[in-house]
Amino acid sequence: MSDCLFCKMVAGEIKPDVVFENDQVLAFRDINPQAPVHILVIPKKHIATLNDLSGEDAALAGELLMSVKAIAEQEGFSEAGYRTTINCNRDSGQEVFHIHLHVLAGRKLSWPPG
Ligand code: AMP
Ligand code: ZN
């Protein structure tokens, strides 16, 4: 998708602060962090929202979660804890329509979220 911000990152046209990458997944620091650590984990494949996952994406969805686990270990916050969130559509406040997992860490996170 040529007009998608996150696809431009995957293509190397925009250079985010990358923390993790493999053949299917890219992870980088959020430009407007909501916690001391705020990382976005995206599939390299363009998928607009969680609603748009298809059966053939099941392994990719698993790979995104496995990447969160690897990043938490790599960045040293797995034991202290963290939260991962996927916003979907209007009521969640989703702004970028390329599916992404937010990973928040580095402070005590309140519950329930707003
Ligand atoms: P969402 O509201 O779930 O769609 O989240 C989109 C996230 O993308 C927000 O947390 C933004 O701060 C973040 N974001 C937007 N532009 C950039 C960028 N150029 N680099 C890194 N993160 C970005
Ligand atoms: Zn995209």
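Structure: above.
Nothing here was measured: the structure is a model prediction, and the numbers come from that model.

Rules used throughout
Residues numbered from 1 in each chain as written. Chains lettered and ligands numbered in written order. Predicted model: local features only at pLDDT ≥ 70, side-chain atom pairs only at ≥ 80, totals over all residues. Heavy atoms only, no water. Donors = N, O, S within 2.8 Å, 3.2 Å for Na, K, Ca; no water. Tetrahedral: all angles 85-135°; square planar, octahedral: opposite > 155°, others 65-115°. Helix = DSSP H or I, 4+ residues; strand = E, 2+ residues; numbered from the N terminus. Buried < 20%, exposed > 50% of the residue type's maximum accessible area, 1.4 Å probe, protein only. Pairing = 2+ DSSP bridges. 1 Å grid on protein atoms, 1.4 Å probe; cavity = no way out; pocket = protein on both sides within 12 Å on 5 of 7 lines; lining within 4 Å. Points joined across faces, edges and corners; volume = space filled by probe spheres on them. Nonpolar A, V, L, I, M, F, W, Y, C, P; charged D, E, K, R; others polar.

Enquirer: Is there a simple way to think about the coordination of the zinc ion (ligand 2) in this case?
Expert: Perfect tetrahedral coordination of a metal by four donors corresponds to 109.5 degrees between them, and perfect octahedral coordination by six donors corresponds to 90 or 180 degrees. Protein coordination of the zinc ion (ligand 2) is provided by Cys4 (SG), Cys7 (SG), His46 (ND1) and His98 (ND1), with donor distances spanning 2.0 to 2.3 Å. Classification of the site at the zinc ion (ligand 2) as tetrahedral follows from its 4 donor atoms and the range of 106 to 117° in their angles at the metal. Sequence spacing among the residues donating to the zinc ion (ligand 2) works out to C-x2-C-x38-H-x51-H. Here histidine 46 lies in the loop between strand 3 (37–43) and helix 2 (58–75) and cysteine 7 lies in helix 1 (residues 5–10), a separation of 39 residues in the sequence. Residue classification places cysteine 7 among the buried positions, given a relative accessible area of 13%.

Enquirer: Quick question: what am I supposed to make of unusual backbone geometry here?
Expert: Of all residues except glycine, most have a negative phi; of all peptide bonds, most are trans. Residues tryptophan 111 and proline 112 are joined by a peptide bond in cis, for which omega reads 0°. Mapped onto the elements, proline 112 comes out in the segment after strand 5 (101–105).

Enquirer: In this structure, what is going on with the pairing of strand 2 (residues 25–29)? I would like to understand it.
Expert: Consecutive residues of a regular strand have side chains that alternate between opposite faces of the sheet. Along strand 2, 4 of the 5 residues are buried, which leaves the element largely enclosed by surrounding structure. Relative to strand 2, strand 1 (residues 18–21) runs antiparallel, the two being bridged by 3 bridges. Among the inter-strand pairings, phenylalanine 20 is bridged to a residue of strand 2, identified as alanine 27. Count of turn residues in the strand 1/strand 2 antiparallel hairpin: 3 residues. Where strand 2 lies against strand 3, 5 bridges are found, and the strand directions are antiparallel. Counted as the bridge partner of arginine 29 is isoleucine 39 from strand 3.

Enquirer: So what exactly am I meant to see when it comes to the layout of surface pockets here?
Expert: Gaps between atoms show up when a probe of the same size as a water molecule is rolled over them. For the largest pocket, the calculated volume is near 790 Å³. What lines the largest pocket is a set of 32 residues, and nearest its centre among them are Asp30, Gln34, His38, Asn87 and His102. When residues of the lining of the largest pocket are traced back to their parent elements, those giving at least two are helix 1, strand 2, strand 3, strand 4 (82–85) and strand 5. Considering every element that reaches the lining of the largest pocket, the biggest residue donor is helix 1, with 3 residues. For the lining of the largest pocket, the per-class residue count stands at 13 nonpolar, 12 polar and 7 charged.

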